[in-house]
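Given next are the chains, with one letter for each unit.
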Amino acid sequence: IRRSLNIGWMAMTNPRSINVKLVELMKQSGCIGVEVGIDSGSKDMLERLQKRFTKEDIAHTARLYTQAKIPFSFYLLLGGPGETSDTIQETVNFLKDIDKPNQVLFNFGIRVYAGTQLEMIARSEGILEDSEDLLMPKYYLSKELDKSFLKKLDEYCSTQYHWSNATDWNSPTTILLQKMGQKFQIRPLWKNAYIMGLTRKLRKFNMR
């Protein structure tokens, strides 16, 4: 700001310690988008995942970025230890009640890294075999859920144009939209995630 540099930049943050002054400085210095890792909107799951922020912090962050007119995206990791259909429903309800991000991206299953507490949990539950060294990706999914829940997750996303999952981002139409966005230097690409929601509606309409 002091040097009047005309630079557009993005950041990845969590919702902890985001305040009015910080967001004002981000806006003044050319911030064009913020990606926020919230992982869950369930009080119980935030505690289980040992996050150092609360649902109130998430809502506060959404409100500040909305007021500053800074595009922002929420990223979630569903399926951690203790996750149930009820905690996911709590997350869904919470996201509908707070200020709306430009995008909400749901990921289902959490990658297990060596030396983490999640590795110990996965081994104790028999998800990992003793011989597995985790050099290749392995994912943890709560024993309360299975892959069939992906269909339910797709139903959740279909109710909100700006909600998406990995399937949406990997569809042929979306890949084409991403290439067009890169060609015309639209940044951040997820700022217009509602277009993905429109293409999702069209896909489902054509399948009828």
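Residues numbered from 1 in each chain as written. Predicted model: local features only at pLDDT ≥ 70, side-chain atom pairs only at ≥ 80, totals over all residues. Heavy atoms only, no water.

The number of helices and strands found in the protein chain is nine helices and seven strands. In terms of C-alpha radius of gyration, the protein chain reaches 19 Å, essentially the compact-globule figure of 17 Å for 208 residues. Taken across its 208 residues, the protein chain has 40% of its residues classed as buried. Looking at the protein chain alone, contacts between residues at least 24 apart form 70% of all its contacts between residues at least 6 apart. Accessible area for the protein chain stands at about 12500 Å²; split by element, carbon and sulfur atoms hold 54% of it. Taking the 30 positively charged and 23 negatively charged side chains of the protein chain as two groups, their mean positions are separated by 11 Å. (Helix = DSSP H or I, 4+ residues; strand = E, 2+ residues; numbered from the N terminus. Rg over C-alpha atoms; globule rule 2.2 N^0.38 Å. Buried < 20%, exposed > 50% of the residue type's maximum accessible area, 1.4 Å probe, protein only. Contact = heavy atoms within 4.5 Å. Areas by Shrake-Rupley, 256 points an atom, 1.4 Å probe, with all protein chains shown as cover. Lys, Arg positive; Asp, Glu negative; His and termini not counted. Charge placed at Lys NZ, Arg CZ, Asp CG, Glu CD.)

Our focus in this paragraph is a nonpolar patch on the surface. Taken together, the side chains of Tyr161, Leu176, Leu177, Met180, Phe184, Ile186, Tyr194, Ile195 and Leu198 define a hydrophobic patch exposed on the protein surface, amounting to about 830 Å² of accessible area. Elements with a minimum of two residues in the nonpolar patch: helix H8 (172-183) and helix H9 (194-206). Counting through the fold element by element, Ile186 comes out in the loop between H8 and H9. (Patch = residues over 30% accessible without salt bridge, like charges linked within 9 Å, V, L, I, M, F, W, Y side chains within 5 Å. Salt bridge = Lys/Arg side-chain N within 4 Å of Asp/Glu carboxyl O.)

Before going further, it helps to examine the pairing of strand S4 (residues 103-108). Of all six residues in S4, five are buried, a share of seventy percent or more. As judged from the six bridges shared by strand S3 (residues 72-78) and S4, these two strands associate in the parallel manner. By the bridge assignment, Phe74 is partnered in S4 with Val104. Handedness of the β-α-β unit built from S3, helix H4 (residues 85-97) and S4 comes out right-handed. Taken together, the three bridges between S4 and strand S7 (residues 163-165) define a ladder with parallel strand orientation. Paired with Phe106 across the strands is Asn165, a residue of S7. (Pairing = 2+ DSSP bridges. Right-handed = clockwise from strand over helix to strand, strands pointing away.)

If you trace the five strands from one edge of the open sheet to the other, you get S1-S2-S3-S4-S7, paired in parallel fashion. This sheet does not close on itself; its edge strands, each paired only once, are strand S1 (9-13) and S7. Sheet twist, expressed as the average angle between the axes of neighbouring strands with direction ignored, equals 20 degrees. Here five bridges tie S1 to strand S2 (residues 31-39), and the two strands are oriented parallel to one another. Across the sheet, residue Met10 finds its bridge partner in S2, namely Gly33. In the packing of H4 onto the sheet, contacts are made with S2, S3, S4 and S7, and the angle to S3 comes to roughly 170 degrees. (Axes fitted to C-alpha atoms, helices over the stretch in contact; angles between N-to-C directions.)

Right, let's get into H8. Taking 1.5 Å per residue, 12 residues should reach 16 Å; H8 reaches 17 Å between its end C-alpha atoms and fits that length. Note on H8: the residue one or two positions beyond its end, Gln185, has a positive phi of about 55 degrees. (Expected span 1.5 Å × (residues − 1).)

So, about the packing of aromatic side chains. Aromatic rings in a pair are described by how distant their centres are and how their planes are angled relative to each other. One pass over the structure, following the stated rule, counts four aromatic pairs. Ring geometry for Phe72 versus Phe74: centroids 5.4 Å apart, planes at 65 degrees, classification edge-to-face. Taken together, a centroid distance of 5.4 Å and an interplanar angle of 65 degrees make the contact between Phe106 and Trp163 edge-to-face. With a gap of 57 residues between them, Phe106 in strand S4 and Trp163 in strand S7 connect regions that are remote in the sequence. In this pair, the class of Phe106 matches that of Trp163, namely buried. Put simply, the rings of Tyr65, Phe72 and Phe74 pair up and form one aromatic cluster. (Phe/Tyr/Trp six-rings, centres within 6.5 Å; stacked < 30°, edge-to-face > 60°.)

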